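Structural features, examined
Next come the chains, spelled out residue by residue.
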Amino acid sequence: MTASAPTGNRMAEAPIFPLRVVDGLTLPPEYRKALRPGEEWKDAVGVSRQLPRYFYEVPSWDTAMKIELATHFLLWEFIQVDVREAPALRTFPRYVPCAITLLAVCLERFREAVGTMVHISANGGYRSPSHRFSRNATPHAWGTAANIFRIGDTYLDNRNAIERFSLIARETLPGIWTRPYGTPTGYAEDHLHLDLGYVLSVPRDVNS
Amino acid sequence: MTKTEKPTAHAGATAASQRESVLQDRIENIEKESGAKAVAVALHDGETDFDLHYRADRWFHAASTIKVPILLGVFAAIDRGELLPHSRVHVRNRFLSVVENVPFRVESGRDSNSAVHNSIGKMMRVDELAYHMITTSSNLATNLLLGVIGPESVTQTLKELHVDEGIELKRGVEDELAFEKGISNMVTANGLLKILVMLAEGKAFSPALSRRMMDILHGQEFNQGIPARLPKGTRVAHKTGEISTVAHDAGVVYLPKRKPYSLVVLTEWDQGATGRSRTIASISHAIYETLTGTAVKDE
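These numbers were taken from a predicted model, which means no experiment stands behind them.

Basis of the calculations
Residues numbered from 1 in each chain as written. Chains lettered and ligands numbered in written order. Predicted model: local features only at pLDDT ≥ 70, side-chain atom pairs only at ≥ 80, totals over all residues. Heavy atoms only, no water. Helix = DSSP H or I, 4+ residues; strand = E, 2+ residues; numbered from the N terminus. Rg over C-alpha atoms; globule rule 2.2 N^0.38 Å. Buried < 20%, exposed > 50% of the residue type's maximum accessible area, 1.4 Å probe, protein only. Contact = heavy atoms within 4.5 Å. Areas by Shrake-Rupley, 256 points an atom, 1.4 Å probe, with all protein chains shown as cover. Lys, Arg positive; Asp, Glu negative; His and termini not counted. Charge placed at Lys NZ, Arg CZ, Asp CG, Glu CD. Buried area = accessible area lost by both parts, 1.4 Å probe. Salt bridge = Lys/Arg side-chain N within 4 Å of Asp/Glu carboxyl O. Polar contact = N/O pair within 3.5 Å; in protein donor to acceptor, adjacent residues only side chain to side chain. Pairing = 2+ DSSP bridges. Axes fitted to C-alpha atoms, helices over the stretch in contact; angles between N-to-C directions. Expected span 1.5 Å × (residues − 1). pLDDT = per-residue confidence, 0-100.

In this section: the overall build of chain A. Along chain A, the regular secondary structure elements total four helices and twelve strands. Over its C-alpha atoms chain A spans a radius of gyration of 17 Å, differing by no more than 12% from the 17 Å that the globule rule assigns to 208 residues. Once the C-alpha set of chain A is aligned to its principal axes, its extents read approximately 50 × 40 × 30 Å. Scored against the burial criterion, the 208 residues of chain A give a buried share of 50%. Counted over contacts in chain A with a minimum sequence separation of 6, partners at least 24 positions apart contribute 66%. In the structure as shown, chain A presents an accessible area of about 9,900 Å², 52% of it carried by carbon and sulfur atoms. Of the charged side chains in chain A, 23 are positive and 22 negative, and the gap between their average positions amounts to 5 Å.

Below is the structure:
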């Protein structure tokens, strides 16, 4: 499979999504090592999950700042990672799983429901399987999870706020999973984690 | 050595010994008058090579002076290329105690500067965090940096630089559970002095990196200790440390037309005792007068 531009769009009047789709298996070794495209990875309870193979290539931070994945969500919000991310993935071009667009649509719907701004935290959108926070298979490495630390002026750092917005998310987004409030592993006490599960997105342009 | 030099050297040694004795007496008097439970002082004068060690190997709770070794650890990671000054760190207020990994937070009221707390959920640069860790003693910035580099790497750095004696880094700051169990970061005056002398002499990693660390220490905003009774315009690169039972200050004093001197003053107190900073300032004042032979008029 070679990287391909989204040329198969039949609706000529519709805007063309500007990011190139890339097969992770064709990337240079340092990227393949960090992204582990298509590999199996066990989750916290030992179930094997298949990592994404297809990614959007983000050429620059400028591009990430401009691309709207949804009306109120720009691409950069989903790819903010800190020094804990693999070095190859902290410089551009960056690669983000194609399912990120699904997450953006869900968050837009969630934003409508809460009626105010939804802030994704650093390291709280896409992070690779090589990120130091990624101990087991986490939907963050599929680009289908978001950690939200603030909604409007409310910091989600207490039970009341987390449970209130968690309920709104579950009512608004059928099938969404939210992490329960609490301190043990698997719980969250300083953000709202929501995810769509281990969704793999294979764009139409991909033909192998 | 010539015959004519011998008496001079002897006179020099005698002068140093007299100076040491005078200083010891002055510090002892200040200590008695202060009501402190314990005082320790370590001094190295880069101009004359004069050293003073007053209970300088006694261990104290480090309080925020431990942030100087942590700063060294951060710059070690920069020196190794693992971090860049502009590397970005996720600001998250959630840490795990060394006791059973129980999560804890740094209370925003405990940091004198809200800049780091205001960035929760976002990212800050390593150099910004290092600056806040030292200049306003941000506990949140400290724990974030320690989370990135790891306490063990700081300890390793101290060993490699041969300044590990007198420094025990066991945990991040504000780990109350660890404090209750008696697990605390500890320092001696001599331990901190070795680090300061190395920084002042530009020998930590490289002269450029040493200078950058000194620049950060020069930005210190709490100046009630060592600098308080020094002449106006004296530059002091330093780090204070204070909890309910200790008050410390450790820094390098730059005076015009002479090499700097490095000074560490550690003090221990009963809870609620007053005059803590004043005691440190008095000791610093006495040292200044003795080293320069100049009296400072208090304003």
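Now that the structure is up, let's keep going.
Attention now moves to the interface of chain B and chain A. On the side of chain A, 19 residues touch chain B, which itself brings 17 residues to the contact. A buried area of about 1,500 Å², summed over both sides, lies between chain B and chain A, and 46% of it is on carbon and sulfur atoms. Three residues, H90, R105 and M123 of chain B, lead the burial of chain B against chain A; their summed loss comes to 33% of the area buried on that side. At the boundary of chain B with chain A, the tally comes to three salt bridges. R92 of chain B is the partner of D190 of chain A in a salt bridge, and the nearest nitrogen-oxygen pair spans 2.8 Å.

Each turn of an α-helix holds 3.6 residues, which means side chains three or four residues apart point in the same direction. Residue and element names in this part refer to chain B. Counting buried positions along helix α4 (residues 139–149) yields ten of eleven residues, so the element is predominantly enclosed. Within the sequence span of α4, burial applies to N139, L140, A141, T142, N143, L144, L145, L146, V148 and I149. Summarising the contacts, the buried residues of α4 are in contact with α2 (67–79), β4 (88–90), β5 (95–96), β6 (103–104), α3 (126–135) and α5 (151–160). For α4, the capping residue at the N-terminal end is S138, with a side-chain oxygen 3.4 Å from the backbone nitrogen of L140. Backbone geometry just downstream of α4 places G150 in the positive-phi region, at approximately 85°.

A few words on the side chain of T178 of chain A. Residues and elements named next belong to chain A. Within the secondary structure layout, T178 lies in strand β11 (residues 177–178). Judged by its relative accessible area of 10%, T178 is buried. A polar contact of 2.7 Å, which involves the side chain of T178, links it to the side chain of S166. Not counting residues within four places of it along the chain, the set of residues in contact with T178 comprises S166, A169, R170, L192, H193 and L194.

Quick look at the pairing of strand β4 (residues 54–58) of chain A now. Residues and elements named next belong to chain A. Buried residues dominate β4, accounting for five of its five residues. Burial along β4 is two-sided: the face carrying Y54, Y56 and V58 and the face carrying F55 and E57 are both buried. Summarising the sheet, β4 and strand β7 (residues 94–97) pair through four bridges and their orientation is antiparallel. Along β7, the bridge assignment pairs Y56 with V96.

All names here are of chain A. If you walk across this open sheet you meet the three strands as β1-β4-β7, and the pairing is antiparallel. Only two strands of the sheet have a single neighbouring strand rather than two, namely β1 (20–23) and β7. Averaged over all pairs of adjacent strands, the angle between their axes in this sheet comes to 45°, without regard to strand direction.

This paragraph deals with α2 of chain B. Residue and element names in this part refer to chain B. Compared with the 18 Å implied by 1.5 Å per residue over 13 residues, the 18 Å span of α2 between its first and last C-alpha is a close match. Counting buried positions along α2 gives twelve out of 13 residues, so the element sits mostly inside the fold. Residues of α2 that are buried include every one of K67, V68, P69, I70, L71, L72, G73, V74, F75, A76, A77 and I78, and no others. Just past α2, the residue G81 takes up positive phi, approximately 85°.

All names here are of chain B. On the basis of which strands lie adjacent, the open sheet formed by five strands has the order β2-β1-β12-β11-β10 and antiparallel pairing. One side of each edge strand has no neighbouring strand; the edge strands of this open sheet are β2 (51–54) and β10 (235–243). Between one strand axis and the next, the sheet turns by 10° as a mean value, whatever way the strands run. Pairing analysis gives eight bridges linking strand β11 (residues 246–254) to strand β12 (residues 261–268), with the strands arranged antiparallel. Across the sheet, V246 pairs through a bridge with E268, a residue of β12. In the packing of helix α8 (residues 207–218) onto the sheet, the strands contacted are β10 and β11, and the crossing angle to β10 comes to about 65°.

What follows concerns the confidence of the model for chain B. All names here are of chain B. With 95% of its residues at a pLDDT of 70 or more, chain B shows a mean pLDDT of 93. pLDDT under 50 marks residues 1–7. Its contacts with residues more than four places away, or in other chains, come to one contact. Interface confidence for the predicted complex, given as ipTM, is 0.85, next to a pTM of 0.90.

Moving on, we get to the pattern of salt bridges. On inspection of all chains with the given rule, the structure shows 21 salt bridges over all chains. Among the salt bridges present, the one from E57 of chain A reaches R20 of chain A, with a minimum N-O distance of 3.1 Å. On the criterion of sequence distance, the pair formed by E57 of chain A in strand β4 and R20 of chain A in strand β1 is long-range, its members being 37 residues apart. R84 of chain A serves as the salt-bridge partner of D82 of chain A, at 2.4 Å between the closest nitrogen and oxygen. Just as D82 of chain A is buried, R84 of chain A falls in that class too. Each of the salt bridges in this network shares a partner with another, and the network as a whole consists of E189 of chain A together with R94 and R105 of chain B.

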